[in-house]
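The residues making up each chain are set out below.
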Amino acid sequence: ASPEQSNVHGIGVAGSFATGTGLTYRRYFGNTSVQLACLAIITDRGNDAVAFVGGSLVRYVLVWSSPSARGLLPSTSALRIVGGAHYYLRRWQENTTTEPTQGVIVPASEQKRQQSVNLGAGLGFEFGGIVKAGFSLSLDLVLTAAFDKDGLDYILPLPQSALVYSW
């Protein structure tokens, strides 16, 4: 029998091209969890901005526990299936100069924008505070498809990870 899930919430950091990067919140529903992640970086007085917003659904397929484990080895491990999506946006100001008109070079500025929607599904492992309060580290391999304004950009198996404190 799998250990009984007692965690309800989790908070931490995540890194993924498929399901989101940044600060993350996780909500547990038994052996299933929903995770939301977001990160926004604004520089150059608002002229440069990068934003990641994503979410994932995780199902813990197999959870095993070793109550006698001590030290650096986790007492609980889990095999998990994950799927999700994330939106990426980057905008920046590009300064250029125009051709001289009557000997005068005119500076110009143009707002550039890059965005994509990424979808992914895969599997991996999570170690640590999975069924009881504590830190857990998840490592997954996710088949990721990225779509930009021109359509499908790539399909790649990419790693993702999260460090979450759950309670």
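Here, every reference points to the structure presented above.
Residues numbered from 1 in each chain as written. Predicted model: local features only at pLDDT ≥ 70, side-chain atom pairs only at ≥ 80, totals over all residues. Heavy atoms only, no water.

**Topic: the nonpolar core**
We count it as follows: By convention a nonpolar core is built from buried Ala, Val, Leu, Ile, Met, Phe, Trp, Tyr and Cys residues, the set being connected through side-chain atoms within 4.5 Å. Buried means the residue's accessible area, taken with a 1.4 Å probe over protein chains only, is under 20% of the maximum for its type, while exposed means over 50%, and partly exposed covers the values in between. Numbering of helices and strands starts at the N terminus; helices are DSSP runs of H or I of at least 4 residues and strands are runs of E of at least 2. Two residues qualify as a contact provided that any one of their heavy atoms is within 4.5 Å of a heavy atom in the partner residue.
With 10 residues, the main nonpolar core is built from Ala18, Tyr28, Val58, Tyr60, Val63, Ala78, Val82, Ile130, Val131 and Val142. Secondary structure elements with two or more residues in this core: β4 (48-65) and β5 (76-97). No other element matches β4, which puts 3 residues into this core. Beyond its immediate sequence surroundings of up to four residues, valine 131 is in contact with Pro3, Glu4, Gln5, Ser6, Asn7, Val63 and Thr76.

**Things to note about the pattern of salt bridges**
Threshold: Between Lys or Arg on one side and Asp or Glu on the other, a salt bridge is scored when a side-chain nitrogen of the former is within 4 Å of a carboxyl oxygen of the latter.
Enumeration according to the criterion identifies 6 salt bridges in this entry. The partner of glutamate 126 in a salt bridge is arginine 26, and the shortest N-O contact between them spans 2.8 Å. Here glutamate 126 is found in strand β6 (residues 107-128), whereas its partner arginine 26 is found in strand β2 (residues 22-29), with 100 residues between them in sequence. With its nearest N and O atoms 4.0 Å apart, the salt bridge here joins glutamate 110 to lysine 112. Using a relative accessible area of 41% as the deciding quantity, one classes glutamate 110 as partly exposed. On the basis of relative accessible area, lysine 112 is assigned to the partly exposed category, the value being 25%. When salt bridges that share partners are traced, they join Arg26, Arg80, Glu126 and Asp140 into one network.

**What to know about empty space enclosed by the protein**
Here is the rule we go by: Here a cavity denotes a set of grid points, spaced 1 Å apart and computed over the protein atoms alone, in which a 1.4 Å probe fits but from which it cannot get out, and a pocket denotes an open set meeting protein on both sides within 12 Å along at least five of seven lines; residues with an atom within 4 Å of a point are reported as lining. Grid points are joined across faces, edges and corners, and a volume is the space filled by probe spheres set on the points. Amino acids are sorted into nonpolar (Ala, Val, Leu, Ile, Met, Phe, Trp, Tyr, Cys and Pro), charged (Asp, Glu, Lys and Arg) and polar (every other residue, Gly among them).
For the structure shown, the criterion picks out 1 cavity of 30 Å³ or more. What lines the largest cavity is simply Ala14, Gly15, Ser16, Thr19, Gly20, Gln35, Arg80, Ser138, Asp140, Gln160, Ser161 and Ala162. Of all elements in the fold, only β1 (9-15), β7 (134-148) and β8 (151-166) reach the threshold of two or more residues within the lining of the largest cavity. For the lining of the largest cavity, the element with the highest residue contribution is β8, accounting for 3 residues. Grouping the amino acids of the lining of the largest cavity by side-chain chemistry returns 2 nonpolar, 8 polar and 2 charged.

**Topic: the environment of aspartate 153**
With respect to the helices and strands, the residue aspartate 153 is situated in strand β8. With near-sequence residues (within four places) excluded, aspartate 153 lies in contact with Ala146, Phe147 and Asp148.

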